[in-house]
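# A structural walkthrough
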Amino acid sequence: MTSVATATTANGDAKKLKPNLPVDKQEFLTVFDTLKGELVNDPLIEGQPDFSKTWMQRMLEFNVPGGKLNRGMAVLDVLKAIKGTEVSKDEAFRANALGWCIEWLQAFFLVADDIMDNSVTRRGQPCWYRMPEVGMVAINDGIILESCIYRILKSHFKSSPYYTELLDLFHETTHQTAHGQLLDLTTAPPGTTDLSKFTVNNYMRIVTFKTAYYSFYLPVACGMLIAGINDPAAFQTAKEILLIMGQYFQIQDDYLDCFGDPDVIGKIGTDIQENYGKGNQEAVQRVKKLYYELDLETLFKQYEADSHEKLVKMIHEQEILPSAVFTMLLNKIYKRTK
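Residues numbered from 1 in each chain as written. Predicted model: local features only at pLDDT ≥ 70, side-chain atom pairs only at ≥ 80, totals over all residues. Heavy atoms only, no water.

### What about the overall build of the chain?
- Looking only at helices and strands, the chain has 15 helices and two strands in total.
- Within the chain, the proportion of its 338 residues that are buried is 45%.
- A fraction of 73% describes how many contacts in the chain between residues 6 or more apart in sequence connect residues 24 or more apart.
- Of the roughly 17,500 Å² of accessible surface on the chain, a fraction of 55% belongs to carbon and sulfur atoms. (Helix = DSSP H or I, 4+ residues; strand = E, 2+ residues; numbered from the N terminus. Buried < 20%, exposed > 50% of the residue type's maximum accessible area, 1.4 Å probe, protein only. Contact = heavy atoms within 4.5 Å. Areas by Shrake-Rupley, 256 points an atom, 1.4 Å probe, with all protein chains shown as cover.)

### Quick notes on the nonpolar core
- Among the nonpolar cores identified, the biggest contains 86 residues, and Trp-100, Trp-104, Leu-153, Phe-170 and Met-245 are the most heavily contacted of them.
- By residue number, the principal contributor to this core is helix H6 (residues 89–117), which donates 13 residues.
- Among the nonpolar cores identified, the runner-up in size contains eight residues, and Tyr-255, Phe-259, Tyr-291 and Phe-300 belong to it. (Core = buried A, V, L, I, M, F, W, Y, C linked by side-chain atoms within 4.5 Å.)

### A word on the side chain of Gln-250
- Note on placement: Gln-250 falls in helix H10 (residues 232–259).
- Gln-250 sits in the buried class, given a relative accessible area of 14%.
- A polar contact of 2.8 Å, which involves the side chain of Gln-250, links it to the side chain of Thr-211.
- When neighbours within four sequence positions are excluded, Gln-250 is seen to be in contact with Tyr-203, Val-207 and Thr-211. (Polar contact = N/O pair within 3.5 Å; in protein donor to acceptor, adjacent residues only side chain to side chain.)

### A few points about helix H14 (residues 296–317)
- Look at H14: 31 Å from first C-alpha to last across 22 residues, which is about the 32 Å you get at 1.5 Å a residue.
- When H14 is considered as a whole, its buried residues turn out to be Phe-300, Glu-304, Ser-307, Leu-311 and Ile-315. What you see down the axis of H14 is that its buried residues fit within an arc of 70°, all on one side. Residues of H14 that are exposed and point more than 90 degrees away from the buried face comprise Leu-299, Glu-309, Lys-313, His-316 and Glu-317.
- In the core, the buried residues of H14 are packed alongside H10 and helix H15 (324–333). (Expected span 1.5 Å × (residues − 1). Arc of directions from axis to C-beta.)

### Some points on the pattern of salt bridges
- Scanning the model with the defined rule gives eleven salt bridges in all.
- A salt bridge links Glu-91 to Lys-83; the shortest N-O distance between them is 3.3 Å.
- You can call Glu-91 partly exposed: its relative accessible area is 27%.
- Judged by relative accessible area, Lys-83 falls into the partly exposed class, the value being 36%.
- Among the salt bridges present, the one from Asp-114 reaches Arg-122, with a minimum N-O distance of 2.7 Å. (Salt bridge = Lys/Arg side-chain N within 4 Å of Asp/Glu carboxyl O.)

### What about the packing of aromatic side chains?
- Within this structure, the stated rule accounts for 14 aromatic pairs.
- Residues Phe-28 and Trp-100 carry aromatic rings whose centres are separated by 4.3 Å and whose planes lie at 10° to one another, so their mutual orientation is stacked. A residue pair is termed long-range when its members are at least 10 positions apart, and Phe-28 in helix H3 (residues 23–40) and Trp-100 in helix H6 qualify at 72 residues.
- For the pair Phe-157 and Tyr-162, a centre-to-centre distance of 6.4 Å together with 50° between the ring planes defines the contact as tilted. For the pair formed by Phe-157 and Tyr-162, the shared burial category is buried.
- Grouped by ring-pair contacts, the aromatic residues Phe-28, Phe-32, Trp-100 and Trp-104 constitute a single cluster. (Phe/Tyr/Trp six-rings, centres within 6.5 Å; stacked < 30°, edge-to-face > 60°.)

### Thoughts on H6
- For H6, spanning 29 residues, the distance from its first C-alpha to its last is 41 Å, which sits close to the expected 42 Å at 1.5 Å a residue.
- Within two residues after H6, Asn-118 carries a phi angle of roughly 55°, on the positive side.

Here it is in structure tokens:
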């Protein structure tokens, strides 16, 4: 049986075990170690016994740095795109610290999501709550993960002129994502199937609130704030483009869940089982057969082409932000296979 100590080794020492990582990812992971050390030794909880500090360190290593890190690393990319020049070490650290706040938020969401979905694995290892020593302690760990965001913000951004805006941004994004999750959970509650709730409007609201705000708008808005942008029109323009991009990303993700190669995407899709309430392979294959009869692959590819064309047009028609702010994100996801 996997222990917490064994499972955290791969995450906690990721940069040491993978010396061929790109320099920007190595630097990003170095900032994680700095922030982790600050949080474990936070003066606000001074005097915590060693076993509590050890738990927190392992919990952070297990849950925070194990993903692709695209959301977090995008903050520095946005800052560089806006400035148009190289950034100082201090600017890079602050951008990466904000990026890690996004990764901490993602970790909080995923720990809770796995419990709600009764999931078994996450990122190639058992879900945190499935670890034998953890169980429902994971609920409290999720609360700690979210609280870490505001400790980092206070420690590194309290004197910044945009500190209040950062607080609002993270609180609002959490609120929006939680309501997207609520709609997702209540549209298809476990063990029940009510197809009357499966509407295009409900689906688009789920992908917008559950994914688009925190995966696309949040990293860009953080980069804009740290770059000194405070024009409401700039943030509105960014939001209009990025929510459409986030919708495309999640629809693409749902497409790959059914039609993607498991060896490429790194998981076996389960959306059909979860949404139609039957897990046996015969039922799954009947649904897939219907998908092929409806030619959903062709429909998706047309949607993908139309979305890309629309986004490129929106990006080049706006003049308030450098196009690179958006194109670097779009290029990473367009026609992705995993």
